[in-house]
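This is what each chain is made of:
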Amino acid sequence: MSTSSITSTTGSDAAPAKGPALRDRARTAGRRPMRLRPGAGEQLRGGPFAYVALVLVGIGSLLPLYWTLVAASHTQDEVLATTPPLLPGGRLPHNLEAAWTQANLGKAIVNSLVVAGCVTAATLFFCTLAGYAFAKMRFRGRGALMTAVVATLTIPPQLGVVPLFMVMSGLGWGGRLESVIFPTLVSAFGVFFMRQYLSEALPYELVEAAKVDGANNFRIVRSVVLPVARPAMMVLGMLTFVQAWNDFFWPYLALNQQNPTLQVALGRLSASYTPDQSIVMAGALISTLPLLVVFVIFGKRIVGGIMSGAVKG
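Residues numbered from 1 in each chain as written. Predicted model: local features only at pLDDT ≥ 70, side-chain atom pairs only at ≥ 80, totals over all residues. Heavy atoms only, no water.

### Re the overall build of the chain
Each helix and strand in the chain was counted, giving 14 helices and 0 strands. Counting from the amino terminus, helix and strand elements in the chain follow one another as α-α-α-α-α-α-α-α-α-α-α-α-α-α. Counting every position in the chain, which comprises 313 residues, the buried fraction comes to 31%. Of all intrachain contacts in the chain linking residues separated by at least 6 positions in sequence, the fraction that spans at least 24 positions is 71%. By element, 66% of the accessible surface of the chain is carried by carbon and sulfur atoms, the whole surface being about 20300 Å². (Helix = DSSP H or I, 4+ residues; strand = E, 2+ residues; numbered from the N terminus. Buried < 20%, exposed > 50% of the residue type's maximum accessible area, 1.4 Å probe, protein only. Contact = heavy atoms within 4.5 Å. Areas by Shrake-Rupley, 256 points an atom, 1.4 Å probe, with all protein chains shown as cover.)

### Section: empty space enclosed by the protein
Taken as a whole and assessed by the stated rule, the structure comprises 2 cavities of 30 Å³ or more. In this structure, the largest cavity occupies an estimated 50 Å³ of space. Ser112, Val115, Val180, Ala244, Trp245, Asp247, Pro251, Thr261 and Leu262 are the residues that line the largest cavity. Counting only elements with at least two residues in the lining of the largest cavity, the list comes to α5 (105–136) and α11 (217–246). (1 Å grid on protein atoms, 1.4 Å probe; cavity = no way out; pocket = protein on both sides within 12 Å on 5 of 7 lines; lining within 4 Å. Points joined across faces, edges and corners; volume = space filled by probe spheres on them.)

### Concerning the packing of aromatic side chains
Geometry of an aromatic ring pair is reported as the spacing of the ring centres plus the angle between the planes. In total, this model carries 6 aromatic pairs according to the counting rule given. Between Phe125 and Phe126 the ring centres are 5.2 Å apart and the planes differ by 75°, which places this aromatic pair in the edge-to-face class. Note on Phe241 and Trp245: the rings are 5.9 Å apart at their centroids and 20° apart in plane angle, and the pair reads as stacked. Taken together, the positions of Phe241 and Trp245, both in helix α11 and 4 residues apart, correspond to about one turn of that helix. What makes Trp245 buried here is its relative accessible area of 1%. The ring of Tyr204 carries the charged tip of Lys136 above its face, separated from the ring centre by 4.1 Å. (Phe/Tyr/Trp six-rings, centres within 6.5 Å; stacked < 30°, edge-to-face > 60°. Lys NZ or Arg CZ within 6 Å of the ring centre and 35° of its normal.)

### Thoughts on the side chain of Thr261
Mapped onto the fold, Thr261 is located in the loop between α12 (249–254) and α13 (262–269). Once residues lying within four places of it in the same chain are set aside, the contact partners of Thr261 are Ala108, Asn111, Ser112, Val115, Pro251 and Leu255.

### Here's the deal with the nonpolar core
Ranked by internal contacts, the top residues of the largest apolar core, which has 35 residues, are Leu105, Trp245, Leu262 and Leu269. If you list the elements that add at least two residues to this core, you get α4 (92–102), α5, α7 (161–170), α8 (178–181), α11, α12, α13 and α14 (277–307). The element best represented in this core is α5, accounting for 7 residues. Counting 22 residues, the second-largest nonpolar core is a separate cluster that includes Val191, Leu198, Val224 and Val228. (Core = buried A, V, L, I, M, F, W, Y, C linked by side-chain atoms within 4.5 Å.)

### A look at the layout of surface pockets
Volume-wise, the largest pocket comes out at about 1000 Å³. Looking at the lining of the largest pocket element by element, the count peaks at 5 residues for α11. The residue makeup of the lining of the largest pocket, split by class, is 20 nonpolar, 7 polar and 1 charged. (Nonpolar A, V, L, I, M, F, W, Y, C, P; charged D, E, K, R; others polar.)

### Some words on the confidence of the model for the chain
In this model, the chain carries an average pLDDT of 80, and 81% of its residues clear a pLDDT of 70 or more. Note that residues 1–17 has pLDDT below 50 and, in this model, 1 contact with residues that lie over four places away or in other chains. Of the regions scoring below 50 in pLDDT, residues 308–313 engages in 7 contacts with residues more than four places distant in sequence or in other chains. (pLDDT = per-residue confidence, 0-100.)

### Side note on a nonpolar patch on the surface
Taken together, the side chains of Val150, Leu153, Phe189, Phe192 and Leu239 make up a nonpolar region of the molecular surface, amounting to roughly 410 Å² of accessible area. Note on placement: Val150 falls in helix α6 (residues 142–151). Residue Val150 is classed as partly exposed on the basis of its relative accessible area, which comes to 31%. (Patch = residues over 30% accessible without salt bridge, like charges linked within 9 Å, V, L, I, M, F, W, Y side chains within 5 Å. Salt bridge = Lys/Arg side-chain N within 4 Å of Asp/Glu carboxyl O.)

### Overview of the environment of Phe139
Tracing the backbone through its elements, the reader meets Phe139 in the loop between α5 and α6. Ignoring any residue separated from it by four or fewer positions in sequence, one finds Phe139 in contact with Ala133, Phe134 and Leu145.

### Thoughts on the packing of α6 against helix α9 (residues 188–201)
Across the interface, α6 lies against α9 with an axial gap of 8 Å and an inter-helix angle of 130°. The pairing of α6 with α9 is recorded here as oblique in orientation. Regarding α6 and α9, the two cross each other, and that crossing is left-handed. Contact residues: Met146, Val149 and Val150 in α6; Ala188, Val191, Phe192 and Arg195 in α9. Per-class residue counts for the contact of α6 with α9 are 6 nonpolar, no polar and 1 charged. (Axes fitted to C-alpha atoms, helices over the stretch in contact; angles between N-to-C directions. Parallel < 35°, antiparallel > 145°, perpendicular 65-115°, else oblique. Left-handed = near helix turned anticlockwise from the far one by under 90°.)

### Some remarks on the side chain of Ser112
Inspection of the secondary structure assignment puts Ser112 in helix α5. Residue class for Ser112 comes out buried when judged on its relative accessible area of 3%. Once residues lying within four places of it in the same chain are set aside, the contact partners of Ser112 are Trp245, Thr261 and Leu262.

Listed below in structure tokens is the structure:
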């Protein structure tokens, strides 16, 4: 058989093999691109039901604050009427002045700011250090100590009121702000929260690289741990400040009428024989405003810090 015949035979045999492949490619090229499943690189979009649910949740969240404003701007008879008012009235300045005078809210606000500020700063400092130690440092008994810290969350705080009150009285801190600040300088929740965050967000390589460069533990905390932990610290600071600001049980037992925090002053304002509910609501409105200011100022920073990367090149 000649070379030309072999070549022609091979070409005729190869042509049918290429035909189906070309047709498959043509059909594939004409198809629409495959849609990704939600969550697989495609941004989720809410439908009408999601918007309706969000609006209802938003209205439900703002309704108590709105009712506080309405009740604080009317008289007690109007608030307790069969058909209560639905719109704010004109007695808000009078009720705010009455609540401010009767409960000595000026000093109470200053005391609450001192207590909440000191507790928040100390909690962030100590809980960040403890969280870093439990997350990245190797020492004997680490697991047992962490278990003991978490176990304290199951103990009701009411069980320690009597011995804590005796300790504060023995130190001569009865009726003083120190008796409210020092027992809450560290929280078990803060230690656990920071430990969980740093376990995931702080790579061992960063810590080892800092040690190779000759940095001691305090330098590592200042230059490596704090920048990484900043988003979690802002969240913990917000939660701690709100909790310290709204704390009522222990400050009510530890402080007196001459040196109260804001919640204690409001509690005694409503503890009279015939409390004026409109004035009580005006005091509650005053106590809520600082929290709203803090959230407006730091809310976007907290969300932005969580969404941005903790480690930057």
